[in-house]
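# Fold and contact review
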Amino acid sequence: MSHMKPELDQAAMAKAFFGSQHPLFNAFGIDVVAVVDARAEMTMPFSETLADGHRALHRGTLVTLLDTTCGLAIFSALRSLRPIATIDLRVDYLRAIPAGSGLRAVVECIGWTDSVAFVSGRGYAVGDKMPLATVTGSFAIDTLGPAFDTTDRSAA
Amino acid sequence: MTGLVRPIPDCTEAAMVLVPAVPFHRFLGMREEVVEGETRYLMDFCENHVGNPLIRTFHGGVLASFGEVVAATHLARSLARVELPACSTLTFDYLRPAFAGTICAVPHIGRAGRRITTVSVQLRVENKLVCIGRFLFPVGRGSLGGSACPAVGT
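In this report, we go over the structure that sits alongside the text. (Residues numbered from 1 in each chain as written. Chains lettered and ligands numbered in written order. Predicted model: local features only at pLDDT ≥ 70, side-chain atom pairs only at ≥ 80, totals over all residues. Heavy atoms only, no water.)

## What about the overall build of chain B?
Convention followed: Numbering of helices and strands runs from the N terminus; a helix is a DSSP stretch of H or I covering at least four residues, while a strand is a stretch of E covering at least two. For every residue, the accessible area (1.4 Å probe, protein chains only) is compared with the maximum for its type, and the residue is labelled buried under 20%, exposed over 50%, or partly exposed between those bounds. The contact rule is simple, with two residues in contact once any of their heavy atoms fall within 4.5 Å. To measure how exposed things are, a 1.4 Å probe is used in the Shrake-Rupley method; for residues, cover is taken only from the protein chains shown.
A count of helical and extended segments in chain B gives 2 helices and 6 strands. Overall, chain B shows an N-to-C arrangement of helices and strands of α-β-β-α-β-β-β-β. With 154 residues in all, chain B has 55% of them scored as buried. Put simply, 59% of the contacts in chain B that link residues at least 6 apart link residues at least 24 apart. When the accessible area of chain B is evaluated, it comes to approximately 6600 Å², of which 51% is carbon and sulfur surface.

Below, the structure written as structure tokens:
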């Protein structure tokens, strides 16, 4: 496989968008673990404020982490931060999220055309190999708005 | 129209009508109103909901989560259950950008089967359809039901 850009660039690219000023990612404590070769891995810690009432993270946080990781996998595949938007998302819940556990999502961008990218991935409890959920989805490429690495954020 | 509508200053201080014991519902900032006998579920944008900060749209995961909680709440009420059922599969179509504003969710039970119940939810912004969600709930024996959340407040 050929890599037009070294892995480091992709990690830096990811941090530029996912690690800085994003209010939701900050609220969730979402962290980029790895991003390379159309694959992305992200984690989030357990948080009482995002729990489900049973002292486990709410399933909505898992969907949100999976959706976010899908985006990062696509950025890696496209090697750019062109604007993308979810077209459709399917999540199958295989089992309940364990109490007190953080979450990990691993997603691969399987393929893409000029206008649509296709992803597939899994969600896990941190430190556990049994998947909690699977995700598949498709995303539109070059949607509304500037690229995410654009310097002029005042456009928002 | 009955008087369940309350203004919400922001997500964290949301005056919750629904399941105040569930922290994530407070994060979403859900509220509800009854219009001509039909319950509508509402979610007001706050900064923590943002997906694309450059054009200020809701995050896709927040929209899907909201849809799922609405579907579960609607189903629990229709079954007169006190616990929110857990869906096994969600499928979510994003039809338009959901710009910062108030999202209105209208749930509909497609079919209440012996094993599986399908609930669809339409999400609208200013009466424009922005998302359609479909949620499958195992309701028979041995289902995941009841594990999602505790008591539904009414």
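Back to the text.
## Some points on helix α3 (residues 59-78) of chain A
An α-helical segment advances 3.6 residues per turn. Residues three or four places apart therefore align on the same side. Residues and elements named next belong to chain A. Spelled out, the test is: Take the number of residues in a helix, subtract one, and multiply by 1.5 Å to get its expected span.
The terminal C-alpha atoms of α3, which comprises 20 residues, lie 29 Å apart, in line with the 28 Å expected from a rise of 1.5 Å per residue. Most of α3 sits inside the fold, with 20 of its 20 residues counted as buried. Just past α3, the residue R79 takes up positive phi, approximately 55°.

## A look at the sheet that holds strand β2 (residues 39-44) of chain A
Heads up, the condition is: For two strands to pair, DSSP has to find at least two bridges joining them. Each axis is a line fitted through C-alpha atoms, and for a helix only the stretch in contact is used; angles between axes span 0 to 180 degrees, taken between their N-to-C directions.
If you trace the 12 strands from one edge of the open sheet to the other, you get β1(A)-β2(A)-β4(A)-β5(A)-β6(A)-β3(A)-β3(B)-β6(B)-β5(B)-β4(B)-β2(B)-β1(B), paired in antiparallel fashion. Each end of this open sheet is capped by a strand with a single partner; those strands are β1 (31-36) of chain A together with β1 (30-35) of chain B. Across the sheet, the mean angle separating the axes of adjacent strands is 20° when strand polarity is ignored. With 6 bridges joining them, β2(A) and strand β4 (residues 103-112) of chain A adopt antiparallel strand pairing. By the bridge assignment for β4(A), A:R39 is matched with A:E108. Along the sheet face, α3(A) touches β1, β2, β3 (84-93), β4, β5 (116-125) and β6 (131-141) of chain A together with β3 (89-94) of chain B and points at about 40° away from the line of β4(A).

## Let's talk about the interface of chain B and chain A
To keep things clear, this is the line we draw: Summed over both partners, the accessible area (1.4 Å probe) lost when two parts come together is defined as the buried area. For this document, the term salt bridge refers to a Lys or Arg side-chain nitrogen within 4 Å of an Asp or Glu carboxyl oxygen. Any pair of nitrogen or oxygen atoms within 3.5 Å is treated as a polar contact; in protein, a donor-acceptor pairing is required on top of that, and neighbouring residues in sequence qualify only through side-chain atoms on both sides.
Contacts between the two partners involve 40 residues from chain B, matched on the other side by 39 residues from chain A. At the boundary of chain B with chain A, total buried surface from both sides reaches about 3000 Å², with 62% on carbon and sulfur atoms. On the chain B side of the interface with chain A, the three residues burying the most area are B:F24, B:L54 and B:Y94, jointly 22% of the side's total. Put simply, chain B and chain A have 1 salt bridge between them. For A:R59, the salt bridge is made with B:E68, and the minimal N-O distance between the two is 2.9 Å. Taken together, the links from chain B to chain A amount to 15 residue pairs in polar contact (both at pLDDT 80 or more).

## Focus on the packing of aromatic side chains
Residue and element names in this part refer to chain B. Put simply, the rule is: Working definition: rings of Phe, Tyr and Trp (its six-membered ring) pair if their centres are within 6.5 Å, and the pair is stacked with planes under 30 degrees apart, edge-to-face with planes over 60 apart, and tilted otherwise.
Under the counting rule described, the total for this entry stands at 5 aromatic pairs over all chains. Where F45 meets F58, the ring centres are 5.1 Å apart and the plane angle is 90°; that geometry is what we call edge-to-face. One end of the pair, F45, is in the loop between β2 (38-44) and α2 (60-78); the other, F58, is in the loop between β2 and α2, with 13 residues separating them in the sequence. Summarising the burial analysis for this pair, F45 and F58 share the class buried.

## Quick notes on the pairing of strand β6 (residues 128-138) of chain B
Every other side chain in a regular strand lies on the same face of the sheet, so the side chains alternate between the two faces. All names here are of chain B. Where β3 meets β6, 6 bridges bridge the pair, whose relative direction is antiparallel. Paired with T89 across the bridge in β6 is L136. Across 10 bridges, the pairing between strand β5 (residues 116-125) and β6 is antiparallel. Within β6, the residue paired with L123 across the bridge is C131. The hairpin turn running from β5 into β6, its antiparallel successor, is 2 residues long, and E126 in that turn takes a positive phi close to 50°.

## Some remarks on α2(B)
Residues and elements named next belong to chain B. Taking 1.5 Å of rise per residue, the 19 residues of α2 would be expected to cover 27 Å, and the 27 Å separating its terminal C-alpha atoms lies within 8% of that figure. Counting buried positions over the 19 residues of α2 gives 16, a clear majority of the element. Of the residues flanking the end of α2, it is A80, one or two places downstream, whose phi is positive at about 55°.

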